[in-house]
Amino acid sequence: MSERIYARISGTGHCLPERVMTNLDLEKLVDTSDQWIQERTGIKERRVVADDQTTCDLAEVASKRALEAAGLAPSDIDLLVVGTTTPDLVFPSTACLLQHRLGLGECGAFDVNAACSGFVYALSVADQFIRSGQAKHVLVVGAETLTRMLDWGDRQTCVLFGDGAGAAVLSADSAPGILSTHLHANGAHADLLKVDVGVSRGFKPDEPRAGISVSMRGNEVFKVAVNTLGRIVEETLEANGIDRSELDWLIPHQANLRIIKATAKKLDMSMDQVIVTVDKHGNTSAASVPLALDEAIRSGRVERGQLILLEAFGGGFTWASALLRY
Ligand code: ACO
């Protein structure tokens, strides 16, 4: 019988833009307060890209750090998957631009658009390629410049988001590794969270930037997020026959501290076992999970052999999870 192949995280990296925007900075732009933002979201500050910085720029730095941590050369990578909803261009994909910058050779490279669930979706794709033996080392990236499509006059959304990138190299191994991934989507609620502009619907030439902003019915999104995340963590534990008490860490999508706390409660986990970066990063969409993962690894909190649950929820709606042994 041939040996089973698993995908293990062999290296991670992240990149944050230098510019910090605090809640006090936002008080100068819209009718809001540091107290309101912190109480409702847990966010204190977020990073914002420079005028000449793109999603690919952030992804490049995060990827180089992940490759270095994995001890691999660019030529070792067999596949590149980038989770992003803020690509540099309509096409070529950000993955193609990144592949060239990193000098990966002619490996397959493509973007996955699953909004905030983009990294976990991309991780799942990478896992399938490694398990099936089609790839040995896959670079998985979550990178976003959400602030590029914020309406800085809309207090309901502009206080929530930030920019950043995170990356992980998955490598084939005989020991697990990623134990399972779970992907879900439901397009029925598209109107609750969207950026209402697209190529085939047509741009409005007289209003070139009109509509290119995130619109969200936050309260309704909040309820669906808590509900679906509660269900997917149960599904993940059940699929692996493990008890919640066996988990070492929860690394959730960083949209809102209240949503994170609700998921931790569902898992009966103390907040000491939950990686929280939303206070410093805001919601960085597809970048949020790999950013939190890399911070947790580099700070020494997450250690080899530990059992980790990743989860995410975002526009679509999409939601996804991954259970892995680091
Ligand atoms: N400052 C001050 N007041 C505000 C602000 C602000 N920035 N924004 C809204 N308010 C006001 C509202 O106008 C409202 O006032 P009213 O009562 O006079 O009408 C009041 O605060 C309460 O508004 P709610 O929307 O009910 O506030 P809520 O407690 O739901 O918090 C929030 C809003 C933070 C957006 C929350 O609903 C949330 O986090 N939702 C989920 C976000 C999420 O998970 N998104 C998914 C990922 S994003 C992606 O995929 C791209």
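All of the points below concern the structure found in this document.

Reading guide: rules and limits
- Residues numbered from 1 in each chain as written.
- Predicted model: local features only at pLDDT ≥ 70, side-chain atom pairs only at ≥ 80, totals over all residues.
- Heavy atoms only, no water.
- Helix = DSSP H or I, 4+ residues; strand = E, 2+ residues; numbered from the N terminus.
- Rg over C-alpha atoms; globule rule 2.2 N^0.38 Å.
- Contact = heavy atoms within 4.5 Å.
- Areas by Shrake-Rupley, 256 points an atom, 1.4 Å probe, with all protein chains shown as cover.
- Lys, Arg positive; Asp, Glu negative; His and termini not counted.
- Charge placed at Lys NZ, Arg CZ, Asp CG, Glu CD.
- Near = heavy atom within 4 Å.
- Polar contact = N/O pair within 3.5 Å; in protein donor to acceptor, adjacent residues only side chain to side chain.
- Nonpolar A, V, L, I, M, F, W, Y, C, P; charged D, E, K, R; others polar.
- Buried < 20%, exposed > 50% of the residue type's maximum accessible area, 1.4 Å probe, protein only.
- Arc of directions from axis to C-beta.
- Phe/Tyr/Trp six-rings, centres within 6.5 Å; stacked < 30°, edge-to-face > 60°.
- Lys NZ or Arg CZ within 6 Å of the ring centre and 35° of its normal.
- Pairing = 2+ DSSP bridges.
- Axes fitted to C-alpha atoms, helices over the stretch in contact; angles between N-to-C directions.

**Remarks on the overall build of the chain**
Next, step 1: Looking only at helices and strands, one finds ten helices and 13 strands in the chain.
Next, step 2: Taking 20 Å as the expected radius of gyration for a compact globule of 326 residues, we find that the chain reaches 19 Å, a close match to that expectation.
Next, step 3: Referenced to the eigenvectors of the C-alpha coordinate spread, the extents of the chain come out at roughly 65 × 45 × 35 Å.
Next, step 4: Sequence-distant contacts, at least 24 apart, represent 76% of the contacts inside the chain between residues at least 6 apart.
Next, step 5: When the accessible surface of the chain is split by element, carbon and sulfur atoms take 49% of a total near 14,200 Å².
Next, step 6: Counting 32 positive and 42 negative side-chain charges, the chain places the centres of these two groups 3 Å from one another.

**Description of the site of the ligand**
Next, step 1: Around the ligand, the surrounding shell holds 26 residues, and the nearest of these are Thr32, Arg40, Cys116, Asn219 and Asn256.
Next, step 2: One of the backbone N or O atoms of Gly218 is found 3.0 Å from an oxygen atom in the ligand.
Next, step 3: Residue Asn256 places a side-chain N or O atom 2.6 Å away from an oxygen atom belonging to the ligand.
Next, step 4: Mapped onto the shell around the ligand, the elements with two or more residues apiece are helix H2 (34–41), helix H6 (155–158), helix H7 (218–240), helix H8 (257–266) and strand E12 (307–314).
Next, step 5: Here the element with the most residues in the shell around the ligand is H7; it accounts for four residues.
Next, step 6: Taken together, the residues that form the shell around the ligand break down as 13 nonpolar, nine polar and four charged.

**Let's talk about helix H4 (residues 94–102)**
Next, step 1: Within H4, the full set of buried residues consists of Thr94, Ala95, Leu98, Gln99 and Leu102. The arc that holds the buried residues of H4, viewed along the axis, is 135 degrees, so those residues lie on one side.
Next, step 2: Lining the buried residues of H4 we find helix H3 (55–70), strand E4 (79–83), strand E5 (108–112) and strand E6 (137–145).
Next, step 3: Of the residues one or two after H4, Gly103 is the one with positive phi, at around 70 degrees.

**Let's talk about the packing of aromatic side chains**
Any aromatic ring pair is given by two values, namely how distant the centres are and how the planes are angled relative to each other.
Next, step 1: Counted according to the given criterion, the structure contains one aromatic pair.
Next, step 2: When the centroid spacing of 4.9 Å and the interplanar angle of 35 degrees are considered together, the rings of Phe313 and Phe317 count as tilted.
Next, step 3: The class for Phe313 is buried, based on a relative accessible area of 6%.
Next, step 4: Take Phe317: its relative accessible area is 1%, and that puts it in the buried class.
Next, step 5: Here the basic side chain of Arg304 rests over the ring of Tyr326, its NZ or CZ set 3.8 Å away from the ring centre.

**Some remarks on the sheet that holds strand E13 (residues 318–325)**
Next, step 1: Overall, mixed pairing links the four strands, which are arranged E8-E13-E12-E11 in an open sheet. Looking at strand neighbours, the two that pair on one side only are strand E8 (178–185) and strand E11 (249–252), the edges of this open sheet. Sheet twist, expressed as the mean angle between neighbouring strand axes with direction ignored, is 10 degrees.
Next, step 2: Examined bridge by bridge, E8 and E13 share seven bridges and lie antiparallel to one another. Bridge pairing links Leu183 to Ala320 in E13.

**Describing helix H10 (residues 288–298)**
Next, step 1: Among the eleven residues in H10, ten count as buried, and that is most of the element.
Next, step 2: Of all the residues in H10, the buried ones are Ser288, Val289, Pro290, Leu291, Ala292, Leu293, Asp294, Glu295, Ala296 and Ile297.
Next, step 3: One or two positions beyond H10, positive phi appears at Gly300, with a value near 85 degrees.

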